[in-house]
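Single-letter residue listing:
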Amino acid sequence: MDPQRERIQADLRGLLSGEVFCDDPFTLMYASDASVYQMRPLGVVRPRGLSDVQAVVRYAAEQSIPIHARGAGTGLAGESLGPGLMVDFSRSMRRIVGISGDTVTVQPGVVLGQLNRYLAGFGRQFGPDPATGGVTTMGSVLALDNSGSNWLRHGSARKQVVNMQVVLADSETMEVGCQPVTDDPHRDANPRRRDLVRRLAELIDREQALIKERQPKAWVNRCGYHLYDVLHDDKEHHRELDLARLIVGSEGTLALITQATLRTVPIPKHRGIALLFFDKLESAAIAATDAQSLGLAACDLIDRRILSLARDIDDHYARAIPRDAEAMLIIEQQGEDERDVIDGLQQAIIRWQRRQRLAFGFHMALAPDELDAFRRLTRRVSPTLYRVQGAERPTPFVEDIAVPPQALPDFLVRLQNVLKAHQVTASFFAHAGHGQLHVRPFLNLADPNDARKMQSLADELYEEVFKVGGTISGEHGSGLSRTWFLRKQFGPLYDVFREVKRIFDPHNLFNPGKVIADVPQPITKNLRTFQPNGMLADPTVVLSPVLEEAAAATPDIKPLELYLVWDNKLPATANACNGCGRCRTQSPDARMCPIFRFAPSEEASPRAKANLMRAVVSGQLDPALLAKDELKQIADLCVNCHQCRLECPAAVDIPKLMIEAKAQFVASNGLGTADWVLTRLDSVARWSSRFATVSNWLLHTRWTRWLLEKAIGIAQGRKLPRIASSSFLRRAEKRRLTRPTRRTGGKVLYFVDLYANWYDVELAEALVAVMEHNNIAVYVHPQQLPSGMNRLAVGDVERARDIAARNVRVLAEAVRQGYEIVCTEPTAALCLTHEYTDLLDDDDARLVAAHTHEACTYLWQMHEAGKLELNFQPLNLTLGYHLPCHLRALEVGSPGENLLRLIRGVNVRRIERGCSGMAGTFGLKRENYRASLRAGWGLIRAMRDPAIQFGTTECSACKIQMEQGTAKPTIHPLKILALAYGVMPEIELLLSSRSEELTVT
Ligand SMILES: Cc1cc2nc3c(=O)[nH]c(=O)nc-3n(C[C@H](O)[C@H](O)[C@H](O)COP(=O)(O)OP(=O)(O)OC[C@H]3O[C@@H](n4cnc5c(N)ncnc54)[C@H](O)[C@@H]3O)c2cc1C
Ligand code: SF4
Ligand code: SF4
């Protein structure tokens, strides 16, 4: 850290109770958002409350350091980026203060989705619905005056604000709402506010004509300051100024919002959606001009490119959207009466399809699951674009144009002409009903030609916008990409905005360079363009001359030796993250990062990890830091659950990036004590099974557990499984299963892994019994080793690679002899199918990956082929099923659950509470124990439901968590199958003894 940063960090840590970070990793993690820009702040402050905010503003004012407020950092125009102090409200100021009647009071870091879940308990919601609602913070919703598809119904955020608490640039705090314009202290006791209001009112009064003249004709506008509707007369003809509304939409340039009271609206009882298909984009735009007169709640337009991507990501979309649709309108109607909702949609369909013959088809979505799927579609469209492979990416910089809705059809033609002239393609998504158009040209910003095109494209496109009375931003704000054009849009009115800024913030402390700038930054400055530098010891990476020079100038930086197989794709992987922030979601209907979920700070997010690795491979961060604790602590915030890889719109492989980072650390420092022991569980188990009775007794006595916690860091409170007296591999040998079969027909090699071998031998027996019952011969290769996933997850890559090589050798040979490999442990299946190919760059690893199946998946595929025996005896059981993350990561659906549903009398209840919180051996460690319980609390609580008799899951670690807070056992679905087939009566004994125990308790 340089001396200036060090001093600022020390000063601020002395002044605040919140967190302050000025080190390289933190400032680089916060250097970007979802825009195309990157600017490294001096430091990051995470205030705990109002007094921290005041203190940091006071300090910044004294030191003349700019302040940039930040919520979730998902702005598309670089609104929160800057070189000063970044104040992150999302970490510690996230409290819903209270609800009263039709208003709710929130701190700025409250996430909109979280607020709506809370309000739903009262039958209410916050009306405006930006697509990023799952992650965006209320401070930003207000600072950017956000809106979304439902603008036609609810307008934007400024319509919903009642009052706010703000901190001004001189650190004074004030409540702002609709304020009287007065000098009378009886009407407003706050002299600072009286003065502010009076000066603003004078300015607005004086410039009334200009304000009116330059107001864009588009229905929505997010540019400049909103002056046209904030000054009026109250009922008694006194002048009043709506100060809150003026600050809403000011992008953190006028004041910092520290609390807000907002209006809420009832959740509509009924909703319906209809899709209308068009063979021309313009026809859809013409139809949309009627949206408001038809009383629709939403009317969005989606172009052909996005429709074809949508078809790939969801069956609902694939079934409903015809391949020949050039454009689609997705319309929504809401109301208290179901009939009215349906009638409203039908009216639109009749007008556009039958009367005007604009649409060629339609699809109504009224059933709840379909309705949800299509409501999600509009939120998923932009992120979906990032799945498009190639150097040219959808680039947000002219993505927020709004025009009067009547002008939209004509404007689309003008827009396409400009794009054609630049030989650029683009995707279109529009809230067409209110004229808001999100267009993302496909550009490769690493190519100087494309970077140059940005400027000319924006120049020409915006000329067309101005011609039709539109605005260059309807809902995202000006930020770094549009401030340059504001003077052009507003002409002399820009000087009035400048005066507003001077009245609030005379020293230009708050978010300088946004909205108001003496010399606005050209839109091609501070671009987050990316080139790998010479840190990679990969001769195939070609350096640009500039970076070659930079690498030569820093000879003390050692090349980075990579531990995983990257095939030259590490830079591209790190760079694939577009910063959309979706991985910050805590929504219950997503599985995104379990670690961020219970510790919602930027460094815990998958995005932060991509940003850090990008900084390393581009030379902004010294790779030597990977061997230091500060980066290791951040890497340890990834437990290799793979959920972000699945749910990230750009499919960024964060878990692989983090294994690489951990490997770098382990290569220099070795493993910590707990990791050392937990990666040698196989040896520990072999040794302790020799004295199984004593070991089990010892493992369940308080003092041994105390000792284990103190000596090696295994949490004392964690229930541990019992060790078997003889391993399954030994039993298999006795039963001659370790010899290749001579039978013809189906045959599998059972990859046993650690848990079934030492702790749940019965599970392994169940697999053999179920397979044999289905005439599948089972071979248990005696030389197989546990998968090594526990080693890989902590970065012990070299040893994991040895294990992988030995396993691949025996498994590949078996595959060549006609065996398919089955695993009862989903983690083992994931390791063999996914991780081994990251460790070994050879054909045998790929062969093994292609022939490995999770055991229930294998059986379910047999069922689908009509080959599974269905002679199950009925059972009378209610089971709580948990889908493990690693099974989900295999992308095979829920085969174990499906199999259980084939058994008569078995009632399977899916427990949808996300990750169990165990994450392999993560939840076993003392330092993670509480966090793990918190993450898995929903699941543990669901298991306590008296209606659930037993838990069921495929994963051994999730089983430990499910049994943590209850006496109910959790049983692998295969054991239940074995019981129902009547091939393992001992399981019945187990169940009945537990049932009695349960009844007694
Ligand atoms: C895929 C995608 C889809 C999007 N869809 C929409 C959409 O449908 N509608 C829409 O309106 N936007 C949309 N956006 C833009 C953006 O996500 C939203 O504008 C969102 O509100 C930004 O929230 P944030 O918390 O990430 O803000 P940040 O990016 O962190 O900050 C945004 C601005 O708010 C200011 N700010 C934050 N907190 C405060 C505070 N307490 N006091 C003062 N100023 C503050 C910041 O300084 C900055 O200027 C989308 C973005 C993406 C990536
Ligand atoms: S990791 Fe994926 S979800 Fe997270 S910010 Fe990056 S692109 Fe978005
Ligand atoms: S793999 Fe899991 S723990 Fe790691 S960053 Fe992704 S979601 Fe978070």
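Here's a quick rundown of the structure.

1. Re the site of ligand 1
Right, on to step 1. Around ligand 1 lies a shell of 33 residues, among which Gly-71, Thr-74, Thr-136, Asn-146 and Ser-147 are the nearest.
Right, on to step 2. For ligand 1, an oxygen atom lies 3.2 Å from a polar atom in the backbone of Glu-251.
Right, on to step 3. Glu-475 is positioned with one of its side-chain polar atoms (N or O) 3.1 Å from a nitrogen atom of ligand 1.
Right, on to step 4. When ligand 1 is considered free in solution it has 970 Å² of accessible area, and contact with the protein chains removes 97% of it.
Right, on to step 5. Contributions of two or more residues to the shell around ligand 1 are made by strand 3 (67-70), helix 5 (138-143) and strand 13 (256-263).

2. A few points about the side chain of Gln-455
Right, on to step 1. Mapped onto the elements of the fold, Gln-455 is located in helix 16 (residues 448-467).
Right, on to step 2. Leave out the neighbours within four places in its chain, and Gln-455 touches Trp-484, Phe-485, Pro-522, Ile-523 and Thr-524.

3. Some points on the site of ligand 2
Right, on to step 1. Surveying the vicinity of ligand 2 reveals the residues Cys-577, Asn-578, Gly-579, Cys-580, Gly-581, Arg-582, Cys-583, Arg-607, Cys-648 and Pro-649.
Right, on to step 2. Residues that form the shell around ligand 2 fall into these classes: 5 nonpolar, 3 polar and 2 charged.

4. Some thoughts on the sheet that holds strand 2 (residues 43-46)
Right, on to step 1. Pairing is mixed in the open sheet, where 4 strands are placed in the order 1-2-4-3. Looking along the sheet, the strands with just one partner apiece sit at the ends: strand 1 (19-21) and strand 3. With direction set aside, neighbouring strand axes in the sheet form an average angle of 20 degrees.
Right, on to step 2. Pairing of strand 2 with strand 4 (residues 85-88) involves 3 bridges; the strand directions are parallel. For Val-45, the partnering residue across the bridge sits in strand 4 and is Val-87.
Right, on to step 3. The strands touched by helix 1 (residues 3-15) are strand 1, strand 2 and strand 4; relative to strand 1, the strand with the most contacts, the crossing angle is about 175 degrees.

5. Considering unusual backbone geometry
Right, on to step 1. Its identity as a non-glycine residue notwithstanding, Gln-423 has a phi of 50 degrees, on the positive side.
Right, on to step 2. Structurally, Gln-423 is set in the loop between helix 15 (408-421) and strand 21 (426-431).
Right, on to step 3. By relative accessible area, Gln-423 is classed as exposed at 73%.
Right, on to step 4. Positive phi is not limited to glycine here, since Asn-568 has a value of about 65 degrees.
Right, on to step 5. According to the relative accessible area criterion, Asn-568 is partly exposed, its value standing at 34%.

6. Considering the nonpolar core
Right, on to step 1. Core analysis: the biggest nonpolar cluster contains 240 residues, and Met-164, Leu-329, Trp-352, Phe-504, Phe-728 and Tyr-750 have the highest contact counts within it.
Right, on to step 2. Counting residues per element, this core draws most heavily on helix 34 (residues 797-816), which supplies 10 residues.
Right, on to step 3. When residues no more than four places from it in sequence are discounted, the contact partners of Leu-329 are Ala-274, Leu-275, Leu-276, Phe-278, Ala-284, Ala-287, Ala-288, Cys-299, Asp-300, Leu-301 and Trp-352.
Right, on to step 4. Among the nonpolar cores identified, the runner-up in size contains 24 residues, and Leu-12, Cys-22, Val-45 and Tyr-59 belong to it.

7. Observations concerning the side chain of Thr-137
Right, on to step 1. In this fold, Thr-137 is placed in the loop between strand 7 (124-125) and helix 5.
Right, on to step 2. The contacts of Thr-137, once residues within four sequence positions are left out, are Gly-71, Ala-72, Ser-90, Pro-108, Gly-109, Val-110 and Val-111.

8. What to know about the packing of aromatic side chains
Right, on to step 1. Throughout the structure, instances matching the rule amount to 14 aromatic pairs.
Right, on to step 2. On the numbers, 5.8 Å between centres and 75 degrees between planes, the contact of Tyr-225 with Phe-497 is edge-to-face. Taken together, the positions of Tyr-225 in the loop between helix 8 (208-214) and strand 11 (231-233) and Phe-497 in helix 18 (residues 493-504) put the pair 272 residues apart, joining distant regions of the chain.
Right, on to step 3. By relative accessible area, which is 4% here, Tyr-225 ends up buried.
Right, on to step 4. Taking 5.1 Å as the distance between ring centres and 40 degrees as the angle between the ring planes, the aromatic pair formed by Tyr-779 and Tyr-819 counts as tilted. Residue Tyr-779 is found in strand 24 (residues 777-779), and its partner Tyr-819 is found in the loop between helix 34 and strand 25 (820-823); the two are separated by 40 residues along the sequence. Across the pair, Tyr-819 and Tyr-779 agree in class, each one buried.
Right, on to step 5. Above the ring of Phe-442, the side-chain terminus of Arg-305 is found at 4.3 Å from the ring centroid.

9. Digging into the sheet that holds strand 10 (residues 178-180)
Right, on to step 1. The 3 strands are arranged 10-12-11 in an open sheet whose pairing can be described as antiparallel. Taken across any chain shown, the strands that pair with only one partner, and hence form the sheet edges, are strand 10 and strand 11. Strand after strand, the sheet turns through a mean of 35 degrees between neighbouring axes, direction not considered.
Right, on to step 2. Here strand 10 runs beside strand 12 (residues 239-242); their pairing, made up of 3 bridges, is antiparallel.

10. Describing the environment of Arg-735
Right, on to step 1. Following the sequence through the fold, Arg-735 ends up in the loop between helix 30 (728-734) and strand 23 (747-751).
Right, on to step 2. Here Arg-735 is in contact with Glu-765, Val-768 and Glu-772, once residues within four sequence places are set aside.
Right, on to step 3. Separated by 2.6 Å, the side chains of Arg-735 and Glu-765 make a polar contact.

11. A look at helix 3 (residues 50-63)
Right, on to step 1. Under the 1.5 Å per step criterion, the end-to-end length of helix 3 is 20 Å for 14 residues, consistent within 8% with the ideal 20 Å.
Right, on to step 2. Of all the residues in helix 3, the buried ones are Asp-52, Val-53, Gln-54, Ala-55, Val-56, Val-57, Tyr-59 and Ala-60.
Right, on to step 3. At the C-terminal side of helix 3, Ser-64 shows a positive phi close to 55 degrees.

Reading the values: rules and limits
- Residues numbered from 1 in each chain as written.
- Chains lettered and ligands numbered in written order.
- Predicted model: local features only at pLDDT ≥ 70, side-chain atom pairs only at ≥ 80, totals over all residues.
- Heavy atoms only, no water.
- Near = heavy atom within 4 Å.
- Polar contact = N/O pair within 3.5 Å; in protein donor to acceptor, adjacent residues only side chain to side chain.
- Areas by Shrake-Rupley, 256 points an atom, 1.4 Å probe, with all protein chains shown as cover.
- Helix = DSSP H or I, 4+ residues; strand = E, 2+ residues; numbered from the N terminus.
- Contact = heavy atoms within 4.5 Å.
- Nonpolar A, V, L, I, M, F, W, Y, C, P; charged D, E, K, R; others polar.
- Pairing = 2+ DSSP bridges.
- Axes fitted to C-alpha atoms, helices over the stretch in contact; angles between N-to-C directions.
- Buried < 20%, exposed > 50% of the residue type's maximum accessible area, 1.4 Å probe, protein only.
- Core = buried A, V, L, I, M, F, W, Y, C linked by side-chain atoms within 4.5 Å.
- Phe/Tyr/Trp six-rings, centres within 6.5 Å; stacked < 30°, edge-to-face > 60°.
- Lys NZ or Arg CZ within 6 Å of the ring centre and 35° of its normal.
- Expected span 1.5 Å × (residues − 1).

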